[in-house]
Amino acid sequence: MAVNYAVMKTKNPNGVQGTDYFHGRAVKTSDYDFEDLADDVQTSTTVTEADVLGVLRAMKGYIVKALLAGRVVVLNDIGRFQIGLKGKCYPAETMEADGFSPASMITGHRIVFRPEAKLKSAIAGALALKRVSSEALA
């Protein structure tokens, strides 16, 4: 199997004015959801699809609970999930102002995923590329 990619035109902020720049962008072929994963696991193990789905759904709930408690969720050989915050910078003297709350400068959040080295090396060792038309992104 190969990862499809398309060549896309992009702006290079450090590039020469008037010069076109391009980069490769991965193009997805389809989604692979809980049901697909459960079906694949059931065909290669003695666990039923319903059991796999139950475990995955429960796991999702526990991951949410752990992230909201400020914990890093470690899935061995897969990676780590944790909450990251987005915010505005402010000078030190702002912190001393009456009524200032640093939380007021936090503008959002994200879930950060950091893959484990074993997962990254498994992908790197098997990665093949196939170029598709840039129109595939439309």
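Because the structure is predicted, anything quoted here is derived from the model rather than measured.

Considerations on the pattern of salt bridges
Right, on to step 1. Across all of its chains, the model carries five salt bridges by this definition.
Right, on to step 2. Of the charged contacts in the structure, one is a salt bridge between D20 and K9, with a shortest N-O distance of 3.3 Å. Residue D20 is located in the loop between β1 (3-10) and β2 (21-26), and its partner K9 is located in strand β1; the two are separated by eleven residues in the primary sequence.
Right, on to step 3. Here R80 ties to E116 by a salt bridge, and the two come within 3.5 Å at their closest N and O atoms. With R80 in strand β4 (residues 79-87) and E116 in the loop between β5 (106-115) and α4 (117-126), the pair connects residues that are 36 residues apart, well separated along the chain.
Right, on to step 4. Classification of E116 as partly exposed rests on a relative accessible area of 22%.

Observations regarding the packing of helix α1 (residues 34-44) against helix α2 (residues 49-68)
Right, on to step 1. Here α1 crosses α2 at 130 degrees, and the two axes come no closer than 8 Å. Classified by the angle their axes make, α1 and α2 are oblique. In the crossing of α1 with α2, the sense of the turn from one axis to the other is right-handed. Two secondary-structure elements touch here, α1 through F34, E35, L37, A38, D39, V41 and Q42 and α2 through E49, V52, L53, L56 and R57.
Right, on to step 2. Its residues assigned to classes, the contact of α1 with α2 shows seven nonpolar, one polar and four charged.

Reading the values: rules and limits
Residues numbered from 1 in each chain as written. Predicted model: local features only at pLDDT ≥ 70, side-chain atom pairs only at ≥ 80, totals over all residues. Heavy atoms only, no water. Salt bridge = Lys/Arg side-chain N within 4 Å of Asp/Glu carboxyl O. Helix = DSSP H or I, 4+ residues; strand = E, 2+ residues; numbered from the N terminus. Buried < 20%, exposed > 50% of the residue type's maximum accessible area, 1.4 Å probe, protein only. Axes fitted to C-alpha atoms, helices over the stretch in contact; angles between N-to-C directions. Parallel < 35°, antiparallel > 145°, perpendicular 65-115°, else oblique. Left-handed = near helix turned anticlockwise from the far one by under 90°. Contact = heavy atoms within 4.5 Å. Nonpolar A, V, L, I, M, F, W, Y, C, P; charged D, E, K, R; others polar.

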